Amino acid sequence: EPLEVGAIGEVYTEVAAPLAEVVQAEAAPVALPDMIPAPNSDLEALTARVASLEQRVSEQEAALRRVLAMMIDWMDKEKSFEARFVQNSRAA
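Since this is a predicted model, take the numbers as computed values, not measurements.

1. Examining the overall build of the chain
No. 1: A count of helices and strands for the chain gives two helices and zero strands.
No. 2: Counting only residues that meet the buried cut, the chain has 9% of its 92 residues in that class.
No. 3: Surface accessibility of the chain: about 7,800 Å² in total, with carbon and sulfur atoms responsible for 63%.

In structure tokens form, the structure reads like this:
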């Protein structure tokens, strides 16, 4: 017995929103400097840029972990549903 249409929509919504965040973050352009700065010039700017990139990676990692957790949960629910279906069909 297939999943109900509403259940599929809920699973899609749960997985699609965080996944869209990851894709959108990946699609954001990264500003590259025109030339490599001289040593010790704009050290603060470079430090800020590195911190910004680290924050972005952290956010992407968190979003990816949420998506993977939801997918694992969905698969566990799907297996549970299939197991009940098989058990009920054997009982009949």
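Now, onward.
2. Section: the pattern of salt bridges
No. 1: Going through the model one piece at a time under the given rule, you end up with two salt bridges.
No. 2: As a salt-bridge pair, R65 and E61 come within 3.0 Å of each other at their nearest N and O atoms. Note that R65 and E61 are positioned in helix 2 (residues 43-91) at a spacing of four residues, about one turn of the helix.

3. Structural notes on a nonpolar patch on the surface
No. 1: On the surface, L64, L68 and M71 cluster together to form a nonpolar patch covering roughly 260 Å² of accessible area.
No. 2: Inspection of the secondary structure assignment puts M71 in helix 2.

Conventions we followed
- Residues numbered from 1 in each chain as written.
- Predicted model: local features only at pLDDT ≥ 70, side-chain atom pairs only at ≥ 80, totals over all residues.
- Heavy atoms only, no water.
- Helix = DSSP H or I, 4+ residues; strand = E, 2+ residues; numbered from the N terminus.
- Buried < 20%, exposed > 50% of the residue type's maximum accessible area, 1.4 Å probe, protein only.
- Areas by Shrake-Rupley, 256 points an atom, 1.4 Å probe, with all protein chains shown as cover.
- Salt bridge = Lys/Arg side-chain N within 4 Å of Asp/Glu carboxyl O.
- Patch = residues over 30% accessible without salt bridge, like charges linked within 9 Å, V, L, I, M, F, W, Y side chains within 5 Å.

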